[in-house]
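# Architecture at a glance
The residues making up each chain are set out below.
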Amino acid sequence: MSRTLILAVIIAVIGVGGYYYLNQPEPTPAERLQTAAEEAGDALADAASDAQDAVSDAVKTATEQASEAAASVADQAAEAASSVADQASEAAQQAGDQVAALTDQGQELLNSWIQEGKLNPANFDYDGIMASLEESTLAADLKKQAIQIVNDIKASPETIAQKIQELTNLLTQQ
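If you're wondering where the values come from, they're calculated on a predicted model, not measured in any experiment.

This next bit is on the overall build of the protein. Per the secondary structure count, the protein includes 6 helices and 2 strands. Reading the secondary structure of the protein in the N-to-C direction produces α-α-α-β-β-α-α-α. The proportion of buried residues among the 174 residues of the protein is 33%. By sequence separation, contacts in the protein at least 24 residues apart represent 64% of the contacts at least 6 residues apart. As displayed, the protein has an accessible area near 10500 Å², and 54% of this comes from carbon and sulfur atoms.

Now the structure itself:
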C-alpha cells in the first residue's frame, strides 16, 4: 500500500506540474525556454520533496507494521527521490544550455551582419540579411520576429537606428 501511495503522490505532482506548465501565457522564445527549464526544475524538485514527504509518512506507518517492510520502503523511496532529483537537475541544465545556444546563435548572426557591413545606420543590405536569416537555425518564432524588424527597416529607413536596437535586443535576448 505504501508503494501505491508513493506512486500516486509522484503521479499527482507530475500531473499538477504538467497542467501548470501547459497553462502559461505566451512568453518570448528565450523566456519560454528559460521558464520551461525553471518550471521543470521546480516541478521536479517539488515532486522530489513531496515524494520524500510521502516516503516519510509511509516509512512511519510501515515501521509500526513491520520493521523489515519499513527498511525496504525507505530504500526504494530514497532511490526514487534520488532519481527524480537527478532528472530535475539534468532537465534544468539542458534547458539552460538551449537558452544559451539560442542567444549565442543570435549574437553570432548579428555580429556577422555588422562585420560584413550589412547592418549599420549608413548601410542596410536587406537581401543579404534576409538570406542569412532564412538560412539560420534560429527558432521559428525568433526568426519570424527578426524578419518583421528587417521588413520594418526596409519600409521605414528613417527608423533604422531604433530598429537596429530592437533587432539587437531580440537576437541577444536583452
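Structure shown, so let's carry the discussion forward.
Quick look at the environment of alanine 43 now. For alanine 43, the location among the structural elements is in helix α2 (residues 29-65). What makes alanine 43 partly exposed here is its relative accessible area of 23%. Each C-alpha atom of the pair alanine 43 and tyrosine 20 lies 9.3 Å from the other, and the pair is 23 residues apart in sequence. Dropping the residues within four chain positions of it, alanine 43 is found in contact with Val13 and Gly17.

Moving on: the pattern of salt bridges. Here the structure, examined in full by the defined rule, presents 3 salt bridges. Put simply, lysine 163 and aspartate 152 hold a salt bridge, and the shortest N to O gap is 3.4 Å. With lysine 163 in helix α6 (residues 160-172) and aspartate 152 in helix α5 (residues 140-155), this pair connects stretches of sequence that are 11 residues apart. For lysine 163, the salt bridge identified is with glutamate 166, shortest N-O distance 3.5 Å.

Counting 20 residues, the largest nonpolar core has Trp113, Leu119, Leu133, Val150, Leu167 and Leu171 as the members making the most contacts within it. At the level of elements, α3 (67-115), α4 (126-135), α5 and α6 are the ones that each hand at least two residues to this core. Counting residues per element, this core draws most heavily on α5, at 6 residues. Counting residues in hydrophobic clusters, the runner-up holds 5 residues, among them Ile6, Ala51, Val55 and Ala58.

The rules behind each value
For every chain, the first residue of the written sequence is number 1, and numbering continues from 1 along that sequence. Given that the model is predicted, a residue must reach a pLDDT of at least 70 before its local features are reported, and side-chain atom pairs must reach 80 or more before they are shown or counted; all residues, however, enter totals for whole chains, interfaces and linings. Only hydrogens and water are set aside when side-chain values are computed; all heavy atoms of the structure are taken into account. By the criteria applied, helices consist of DSSP H or I runs no shorter than four residues and strands consist of E runs no shorter than two, each listed in order from the N terminus. Here the term buried applies to any residue with accessible area under 20% of the maximum for its type, exposed to any over 50%, and partly exposed to those in between, with areas from a 1.4 Å probe on protein chains only. Two residues qualify as a contact provided that any one of their heavy atoms is within 4.5 Å of a heavy atom in the partner residue. For the accessible areas, the method is Shrake-Rupley and the probe is 1.4 Å, while residue cover comes only from the protein chains on display. Salt-bridge detection follows one rule: a side-chain nitrogen of Lys or Arg within 4 Å of a carboxyl oxygen of Asp or Glu. Residues belong to one nonpolar core when they are buried, are Ala, Val, Leu, Ile, Met, Phe, Trp, Tyr or Cys, and are joined through side-chain atoms within 4.5 Å.

Function-wise, these values are silent; they only describe arrangement.
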